[in-house]
Amino acid sequence: MDVEMIDSNDTNEESNATTTQRLIAESGGRCMSTQAMQSLYDFRQNNLLCDAVLRLEDGGIFPIHRAILSACSTYFRALFTTTLHSREKTDVLLPGVTSEIMNLLLEYAYLRSLDVNRDNVCQLLITADYLSILGVLELCCEFLRQNLQPENCIGIVRFAKEHFCKGLENDAYRYVMRHFVQVAQKSNEILDLPIEELSKLIGADELNVKSEETVWELVLKWINHDPDDRKGHIVELMQNIRLGLLNTQFFLENVKDHPYVVGNEACRPIIIETLKFLYDLEMITQKDGEIPTPEIARPRVPHEILFAIGGWSGGNATNFIETYDTRADRWVKVEEVDPSGPRAYHGTAVVGFNIYVIGGFNGFDYFNSCRCFNAVTKVWREVAPMNARRCYVSVAVLNDLVYAMGGFDGYHRQNTAERYNYRTNQWSLIAPMNVQRSDASATTLNDKIYITGGFNGTDCINSAEVYDPETNQWTMIASMRSRRSGVSCIAYHGYIYVIGGFNGISRMFSGEKYNPVTNVWSPIPDMYNPRSNFAIEVIDDMIFAIGGYNGVTTIYQVECYDEKTNEWYEATDMNIYRSALSVCVIMGLPNVYDYIHKHRERLMEEKRQKLLALEVHRTQHQQQQQHEHMHPQHQQMIPNIPSPPPMPQNNDENNNSQSNE
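Source: prediction; values computed, not measured.

Criteria and thresholds
Residues numbered from 1 in each chain as written. Predicted model: local features only at pLDDT ≥ 70, side-chain atom pairs only at ≥ 80, totals over all residues. Heavy atoms only, no water. Helix = DSSP H or I, 4+ residues; strand = E, 2+ residues; numbered from the N terminus. Buried < 20%, exposed > 50% of the residue type's maximum accessible area, 1.4 Å probe, protein only. Contact = heavy atoms within 4.5 Å. Areas by Shrake-Rupley, 256 points an atom, 1.4 Å probe, with all protein chains shown as cover. Polar contact = N/O pair within 3.5 Å; in protein donor to acceptor, adjacent residues only side chain to side chain. Core = buried A, V, L, I, M, F, W, Y, C linked by side-chain atoms within 4.5 Å. Pairing = 2+ DSSP bridges. Axes fitted to C-alpha atoms, helices over the stretch in contact; angles between N-to-C directions. Parallel < 35°, antiparallel > 145°, perpendicular 65-115°, else oblique. Nonpolar A, V, L, I, M, F, W, Y, C, P; charged D, E, K, R; others polar. Salt bridge = Lys/Arg side-chain N within 4 Å of Asp/Glu carboxyl O. Arc of directions from axis to C-beta.

(A) Fine view of the overall build of the protein chain. Secondary structure assignment for the protein chain yields 18 helices and 29 strands. Here the protein chain, with 661 residues, has 50% of them falling under the buried criterion. Excluding contacts between residues fewer than 6 apart, the proportion of contacts in the protein chain whose partners are at least 24 apart in sequence is 59%. Entry remark: accessible area of the protein chain is about 31,800 Å², with carbon and sulfur atoms responsible for 49%.

Here is the structure:
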């Protein structure tokens, strides 16, 4: 495997230097002549100009040039340059190194070429660590990083820890945390973990589990691997499961009366605490004083963060940003809004930790501008503008390229499309679509971009098409079952899901999905709320429909669809009413704690206060109704109770929205 390691600060590549091939060494990005190093390598193989010999325990003898090995290894540099020896070291015995590995290391030392594979990576890493050949050490660590899988990640964590490869250990551990569900299902290595390591693993806040049932089932699987010696650890393991987050029925049927639990008297306090918590959850409004969230119900930390940016609220565009914490089921306000001002009917795209906010409308201007928010540094900056102004734009990301399609420039509905390369900070036009579309929606699936529905200036449309970047060509696909403008579409489990929108008459509850293999659309269950100009994203392996306009008012309701049950579920509402917003998801933020609910110990109390407020609200409303139906002479005996505040009755975002046309 030829390795070319380029210094990240060096952006001026010598692309014209075709006559001299160069390989970049790992030290500071400095170049070495391939031809010269090949000559020295040939000298070594023919024992020419060599000034030392390496002898191995398996009988291998390797003539070498001391300067070459000293240049890539601090071990050899110290060995060959120290003044502690009475005479120069020219004949060296290296214990514990095989001829096969030494051949590979010498090839790297002379040519910076190294064949790392599954069979030799561990021995290469151990030997490179022993001989302080840091370049090989890093290549081996990178190979293991690139080949992390649920089946091997536990072993790589332990291997990296044994050999003090802290970076690899941290990366492999993060992989275990993030992919824990697959690790629990597929890994045999996890069954061999000692109790201390398993307890620490399942007790981590960062464990990425949607349901604690996964953790419980892994605990049983681990104990069943050696039940006689392990069943006594059930208490310690249960203390690290968030039992209060289990479904009550699952806890009663699968945990409370499990033979390992019933057979261990030390489990009783844990069972009682959990039952008490579940009972308190039912009677939460009847409790006095603040109710803390116990450790057994403290939500873990999500690995995906959903950002909801901008939109139309209260008759104006907004630059409000909030994130959704899936584990705590809470929306969190983000203070770092775009200082350039609000926008609605825009698109968002994520590349790395950067969120690109593209096009849109602020009530006065139609934008071709694009803003970029780095979720780690929290800095906003302007990037290159698009070639066209695009409000009601459709946006998708494919292979780290951002695509912007269709939209409205203030005069025309467009069929043009373009893509942005963040490496060059440049937008380039691609082939135009077959149909003019604004207020459409786009997504990516199988390395292609699909765009659905929209408004062509006259009608809401039901057509859809697909773009292949390999051929730079748009192709029409089967039309949807319904006309949909202000629609949202998303790729999910191998299908294109299209949901909601405006059919020219009303806002829609319905959705449908497209099978790219059969070119057929089929219906899915209706949402609870009709909506157009809403946001959509997949998070926690569910489709979330967020905000929008229901035909009467802008809404803040959120609901989610789970294909496993083929049902929609209500989720926690956003903090503000808004439509024409855009959402995106970032995975693996190093500063994830900045975007999640800060007071996880107060979640129970927040829920209690919310339920109490709803109870008061309901009681007041009932009393108000009774008051209105009483005889006038009795009404004066009861104090007037104010009615609940009305829901804001915003028009559909703004008067220019084609969804009203």
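(B) The arrangement of the environment of Tyr549 in detail. Here Tyr549 shows up in strand E26 (residues 542-549). Each C-alpha atom, one on Tyr549 and one on Ser532, is 5.3 Å from the other, the two residues being 17 residues apart in sequence. A polar side-chain atom of Tyr549 sits 3.1 Å from the main-chain carbonyl oxygen of Gly551.

(C) Seen up close, the side chain of Glu322. Considering the arrangement of structural elements, one finds Glu322 in strand E7 (residues 316-325). Within the local environment of Glu322, its side chain forms a polar contact with the side chain of Arg578, the two groups lying 2.9 Å apart. Not counting residues within four places of it along the chain, the set of residues in contact with Glu322 comprises Leu306, Phe307, Ala308, Trp331, Val332, Lys333, Val334, Met574, Asn575, Ile576 and Arg578.

(D) Region of interest: the nonpolar core. In terms of nonpolar packing, the biggest core is built from 92 residues, with Phe180, Ile190, Ile234 and Met238 touching the most fellow members. Every residue in contact with Phe180, bar those within four places of it in the chain, is listed here: Ile190, Leu201, Ile202, Leu207, Asn208, Val209, Thr214, Val215 and Leu218. If you look at the next biggest cluster of nonpolar residues, it comprises 18 residues, including Ile309, Phe373, Cys584 and Ile596.

(E) Quick peek at the sheet that holds E7. Within the open sheet, the 4 strands sit side by side as E8-E7-E6-E29. Their pairing is antiparallel. Edge positions in the sheet fall to strand E8 (330-334) and strand E29 (582-587), since each of these pairs with one other strand and no more. Here the strands of the sheet are splayed against their neighbours by 30 degrees on average, with no regard to which way each runs.

(F) Focus on the environment of Phe320. Mapped onto the secondary structure, Phe320 falls in strand E7. Linking Phe320 and Glu336, residues 16 residues apart in sequence, is a C-alpha distance of 9.1 Å. The residues contacting Phe320, other than those within four sequence positions of it, are Ala308, Ile309, Gly310, Lys333, Val337, Asn575, Ile576 and Arg578.

(G) Focus on the packing of helix H11 (residues 213-224) against helix H14 (residues 248-255). With their axes 12 Å apart at the nearest point, H11 and H14 run at an angle of 10 degrees to one another. Considering the angle they form, H11 stands roughly parallel to H14. Side by side, H11 and H14 meet where Glu213, Trp216 and Glu217 of the first sit next to Phe250, Asn254 and Val255 of the second. Of the residues belonging to the contact of H11 with H14, the class tally is 3 nonpolar, 1 polar and 2 charged.

(H) Up close: the sheet that holds strand E4 (residues 61-64). Read across the sheet, 3 strands follow the order E4-E3-E5 without closing on themselves; strand pairing throughout is mixed. Every interior strand has two partners, whereas the edge strands, E4 and strand E5 (91-94), have only one. Going from strand to strand, the sheet's axes swing by 25 degrees on average, the running direction of each strand aside. In this sheet, E5 lies alongside strand E3 (residues 52-56) in parallel orientation, the contact comprising 4 bridges. Bridging across to E5, Val53 finds its partner in Asp91. Its contacts with the sheet place helix H4 (residues 99-111) against E3, E4 and E5, and it is angled at close to 10 degrees to E4.

(I) Expanded view of the pattern of salt bridges. All chains considered together, the criterion is met by 24 salt bridges. Across the pair Arg55 and Asp91 runs a salt bridge whose closest N-O atoms are separated by 2.8 Å. Of this pair, Arg55 sits in strand E3 while Asp91 sits in strand E5, and the two are 36 residues apart along the sequence.

(J) Quick peek at the packing of helix H10 (residues 195-203) against H11. The N-to-C vectors of H10 and H11 enclose an angle of 170 degrees; their axes lie 11 Å apart at closest approach. Comparing their axes, H11 and H10 come out roughly antiparallel. In contact with Ile195, Leu198 and Ile202 of H10, H11 contributes Val215, Leu218, Val219 and Trp222. Of the residues assigned to the contact of H10 with H11, the class counts are 7 nonpolar, no polar and no charged.

(K) View of the pairing of E7. Burial analysis of E7 places 8 of its 10 residues in the buried class, the great majority of the element. The turn linking strand E6 (residues 304-313) back onto E7 is made up of 2 residues, and Gly314 within it adopts a positive phi angle of 65 degrees. The sheet contact formed by E7 and E8 spans 5 bridges and is antiparallel. Of the residues in E8, the one forming a bridge with Thr323 is Val332. Counted between consecutive antiparallel strands, the loop separating E7 from E8 contains 4 residues, among which Asp329 sits at a positive phi close to 55 degrees.

(L) View of helix H7 (residues 153-162). Of all the residues in H7, the buried ones are Cys153, Ile154, Ile156, Val157, Phe159 and Ala160. Residues of H7 that are buried in the fold lie against helix H5 (121-130), helix H6 (134-146), helix H8 (166-178), helix H9 (180-186) and H10. Of the residues flanking the end of H7, it is Phe164, one or two places downstream, whose phi is positive at about 60 degrees.

(M) Spatial organisation of the pairing of E6. The element E6 is extensively covered by neighbouring structure, given that 8 of its 10 residues are classed as buried. With 6 bridges connecting them, E6 and E29 associate as antiparallel partners. The residue of E29 that forms the bridge with Ile305 is Ile586. Examined bridge by bridge, E6 and E7 share 7 bridges and lie antiparallel to one another. Within the sheet, the bridge partner assigned to Ser313 lies in E7 and is Asn316.

(N) Main features of H14. Listed as buried for H14 are Phe250, Phe251 and Val255. Buried positions in H14, seen along its axis, are confined to an arc of 100 degrees and lie on one side of it. Exposed residues pointing more than 90 degrees away from the buried face of H14 are listed as Gln249 and Glu253. Of the residues that open H14, the one with a side-chain oxygen 2.9 Å from the backbone nitrogen of Gln249 is Asn247.

Note that all results are geometric; they support no functional claim without further evidence.
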